[in-house]
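# An overview of the molecular structure
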Amino acid sequence: MYLIVVGAGDIGTPLVDLATAGGNEVVVIERDAERAERASRQYDCLVINDDATSKETLQDAGAERADALISTTDQDATNVMVCLLAQELSVPNIVSVVHNPEHMNVFEQIGVNTMQNPQSLIAEYLYRAVSRPSVVDFMHIGEEAEVFEITVGPDAPIAGRTLREADEADLIGGQTLIVAIERDGEGTPITPRGNTRIEADDLLTVYSGQGVTPEVTDVFGSSGDGE
């Protein structure tokens, strides 16, 4: 890909690291001279020390032939302006970090893919690590729904039951769906069916329309988690 990264700060720098290591052609735009100099020394890519809210700067960065632009500055107003200019220059894939959740709708209205402030995501992961330690990983979908991974405990109500039996016992509600099962000894994840039996220590990928709540996770044996 030909990728333009706006900002060489805490978010932009590891992004540039990943993109250049992946063999992509990367152009970095950084307004701060010290950060721009540091990025130019560290990475084999073009670094432009200029203001990305200027259309001419984006043109100098090759926006007309870019496959994607990612704006990572710490100012939402700057990111919005950069994204609008990128749209005007017909960049096909535009992504931006959003720091204030109240601004998320603004980015959605202009049709930009967004990512929540990583610091907020890290804080949520850390909180989950102590409040629901059985939840290995999770991802938000929309306002409430989440996809998460959870290990089945030995005394879990669902352990030893087939999915059909779990459904008949009202252990799995209509908003909960087990998507995949990873089990020791199985080379590939198991695609669950009605007669698939859940075993202790299975790692399940679960979709929950109501999110990761105690009512959902206790079925898998996480009642000992803090809350």
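Note that this is a predicted model, so its numbers are computed, not measured. (Residues numbered from 1 in each chain as written. Predicted model: local features only at pLDDT ≥ 70, side-chain atom pairs only at ≥ 80, totals over all residues. Heavy atoms only, no water.)

## Brief notes about the overall build of the protein chain
Scanning the protein chain from terminus to terminus reveals eight helices and 10 strands. Relative to the 2.2 N^0.38 estimate, which gives 17 Å for 227 residues, the radius of gyration of the protein chain is 22 Å and therefore markedly larger than a compact globule would have. With respect to the principal axes defined by its C-alpha atoms, the protein chain has extents near 65 × 35 × 30 Å. Considering the protein chain as a whole, with its 227 residues, one finds that 43% of them fall into the buried category. Counted over contacts in the protein chain with a minimum sequence separation of 6, partners at least 24 positions apart contribute 57%. Total accessible area on the protein chain is roughly 12300 Å²; 47% of this is exposed by carbon and sulfur atoms. In the protein chain, the 13 positive side-chain charges and the 40 negative ones have mean positions that sit 3 Å from each other. (Helix = DSSP H or I, 4+ residues; strand = E, 2+ residues; numbered from the N terminus. Rg over C-alpha atoms; globule rule 2.2 N^0.38 Å. Buried < 20%, exposed > 50% of the residue type's maximum accessible area, 1.4 Å probe, protein only. Contact = heavy atoms within 4.5 Å. Areas by Shrake-Rupley, 256 points an atom, 1.4 Å probe, with all protein chains shown as cover. Lys, Arg positive; Asp, Glu negative; His and termini not counted. Charge placed at Lys NZ, Arg CZ, Asp CG, Glu CD.)

## Side note on a nonpolar patch on the surface
A cluster of nonpolar side chains, contributed by M139, I141, L177, V179 and Y207, occupies part of the molecular surface with about 440 Å² of accessible area. Inspection of the secondary structure assignment puts Y207 in strand β10 (residues 203–208). Under the relative-accessibility criterion, Y207 is labelled partly exposed at 31%. (Patch = residues over 30% accessible without salt bridge, like charges linked within 9 Å, V, L, I, M, F, W, Y side chains within 5 Å. Salt bridge = Lys/Arg side-chain N within 4 Å of Asp/Glu carboxyl O.)

## Let's talk about the environment of A123
Secondary-structure assignment places A123 in helix α6 (residues 118–131). Assessed through its relative accessible area of 44%, A123 is described here as partly exposed. Residues A123 and P92, 31 residues apart in the sequence, show an inter-C-alpha distance of 32 Å.

## Side note on helix α1 (residues 12–21)
G12, V16 and A19 are the residues of α1 that are buried. Projected onto a plane normal to the axis of α1, the buried residues spread over an arc of 70° and lie on a single side. Along α1, the residues that are exposed and aim more than 90 degrees away from the buried face are L18 and A21. Taken together, the buried residues of α1 touch β1 (2–6) and β2 (25–29). Of the residues flanking the end of α1, it is G23, one or two places downstream, whose phi is positive at about 85°. (Arc of directions from axis to C-beta.)

## As for the side chain of S71
Looking at where S71 falls in the secondary structure, it is placed in strand β4 (residues 68–71). Once residues within four sequence positions are removed from consideration, S71 is found in contact with V6, N79, V82, V95, S96 and V97.

## Examining the sheet that holds β1
If you trace the six strands from one edge of the open sheet to the other, you get β3-β2-β1-β4-β5-β6, paired in parallel fashion. Two strands in the sheet have a free side with no partner beyond their single neighbour: β3 (46–48) and β6 (113–116). Taken over all neighbouring pairs, the strand axes of this sheet differ in orientation by 20° on average, direction set aside. The pairing of β4 with strand β5 (residues 94–98) spans three bridges and is classified as parallel. When the bridges of β5 are listed, L69 appears paired with I94. (Pairing = 2+ DSSP bridges. Axes fitted to C-alpha atoms, helices over the stretch in contact; angles between N-to-C directions.)

## A closer look at the nonpolar core
If you look at the biggest cluster of nonpolar residues, it comprises 24 residues, and the most contacted ones within it are I4, V6, I29, L58, L69 and I94. Not counting chain neighbours up to four residues away, the residues in contact with I29 comprise I4, V5, V6, G7, I48, D50, A52, T57, L58 and A61. Core analysis: the second largest hydrophobic core is formed by 20 residues, V135, I158, I181 and I198 among them. (Core = buried A, V, L, I, M, F, W, Y, C linked by side-chain atoms within 4.5 Å.)

## Considerations on the domain arrangement of the protein chain
Under the domain assignment used here, the protein chain contains domain 1 (2–115) and domain 2 (132–219). Inter-centroid distance (C-alpha atoms) of domain 1 to domain 2 is 38 Å. (Domains from an automatic or database assignment.)

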